[in-house]
Amino acid sequence: GHAANQGRAEHLAGYIQHYLGNYTVSNMHYENARRLFQRVGNRRRMATMDLNMGENYRYRGTFKRAQHLYRSAYTVADELHDNRIKTMSIANEGLTLISTGEFASARKALEEGLALSAEYWDSNEEEKETLRTEIFYGLALVELALNNPAAAWKNAHDALEHANRSENLHSVGLAYRV
């Protein structure tokens, strides 16, 4: 129990540092948490740490490292039958692929994330709607990049619809960015 509790504390510290924009410090905490969760054999939490570290690397522009971590989280989530982590992993990989200009691959990843998002989540509708906002936002960016304005408009509209359902102000702001 002690290592698991320490892991949760490190996770929380990493989360706080992420939202303060201290991505390097955040990853230090996430790496510590991952080691502690590995010590107690909690693969689900290890995958979550990979997902969180991937976000920090994506925000810093270290896209290949981010993709590696997203794929690692996806693989473990698939083995554990955890569609929540799988959905987040593939959706975040799709957003990363947009940043690297790989729009066809981004579309494929985001569409997989959208399909997976329909297969899980009974407990947290806000989280589901927030993630779907990000997916539709990403799909709108892909369609804009590929010069498909009608499809971009539809995805932008869907992003805003899901953002409003989520009641998450960050999601509403993201939806308006398209």
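Residues numbered from 1 in each chain as written. Predicted model: local features only at pLDDT ≥ 70, side-chain atom pairs only at ≥ 80, totals over all residues. Heavy atoms only, no water.

Asks: Mind showing me how you'd approach the overall build of the chain here?
Replies: Looking only at helices and strands, the chain has nine helices and zero strands in total. Secondary structure of the chain in N-to-C order comes out as α-α-α-α-α-α-α-α-α. A compact globule built from 178 residues should have a C-alpha radius of gyration of about 16 Å, and the chain, at 16 Å, falls within 12% of that. Taking the principal axes of the C-alpha coordinates as reference, the chain spans close to 55 × 35 × 30 Å. Counting across all 178 residues of the chain, residues that qualify as buried make up 48%. Intrachain contacts of the chain at a sequence separation of at least 6 include 54% that bridge at least 24 residues. Total accessible area on the chain stands at roughly 9,200 Å², and carbon and sulfur atoms take up 51% of it. In the chain, the 21 positive side-chain charges and the 22 negative ones have mean positions that sit 6 Å from each other. (Helix = DSSP H or I, 4+ residues; strand = E, 2+ residues; numbered from the N terminus. Rg over C-alpha atoms; globule rule 2.2 N^0.38 Å. Buried < 20%, exposed > 50% of the residue type's maximum accessible area, 1.4 Å probe, protein only. Contact = heavy atoms within 4.5 Å. Areas by Shrake-Rupley, 256 points an atom, 1.4 Å probe, with all protein chains shown as cover. Lys, Arg positive; Asp, Glu negative; His and termini not counted. Charge placed at Lys NZ, Arg CZ, Asp CG, Glu CD.)

Asks: Just to check I follow, could you spell out the layout of surface pockets for this structure?
Replies: Gaps left between atoms show up when a probe the size of a water molecule is rolled over them. Here the largest pocket defines a volume of roughly 1,200 Å³. Taken together, 34 residues form the lining of the largest pocket, with Tyr 19, Glu 55, Tyr 59, Asn 92 and Glu 134 sitting closest to its centre. Secondary structure elements with two or more residues in the lining of the largest pocket: helix H1 (2-19), helix H2 (23-39), helix H3 (43-60), helix H5 (83-99), helix H7 (125-145) and helix H9 (169-176). Considering every element that reaches the lining of the largest pocket, the biggest residue donor is H3, with eight residues. Within the lining of the largest pocket, the residues separate by chemical class into 14 nonpolar, ten polar and ten charged. (1 Å grid on protein atoms, 1.4 Å probe; cavity = no way out; pocket = protein on both sides within 12 Å on 5 of 7 lines; lining within 4 Å. Points joined across faces, edges and corners; volume = space filled by probe spheres on them. Nonpolar A, V, L, I, M, F, W, Y, C, P; charged D, E, K, R; others polar.)

Asks: How should I be thinking about a nonpolar patch on the surface in this particular structure?
Replies: A contiguous nonpolar patch, built from Leu 12, Tyr 15, Ile 16, Tyr 19 and Leu 20 and spanning about 570 Å² of accessible area, is present on the exposed surface. Considering the arrangement of structural elements, one finds Leu 12 in helix H1. (Patch = residues over 30% accessible without salt bridge, like charges linked within 9 Å, V, L, I, M, F, W, Y side chains within 5 Å. Salt bridge = Lys/Arg side-chain N within 4 Å of Asp/Glu carboxyl O.)

Asks: Got a minute to help me understand helix H4 (residues 63-80) in this structure?
Replies: Each α-helix turn comprises 3.6 residues. Residues three or four places apart therefore point the same way. The terminal C-alpha atoms of H4, which comprises 18 residues, lie 26 Å apart, in line with the 26 Å expected from a rise of 1.5 Å per residue. Against H3 and H5 lie the buried residues of H4. Directly beyond the C-terminal end of H4, a positive phi value near 60° is found at His 81. (Expected span 1.5 Å × (residues − 1).)

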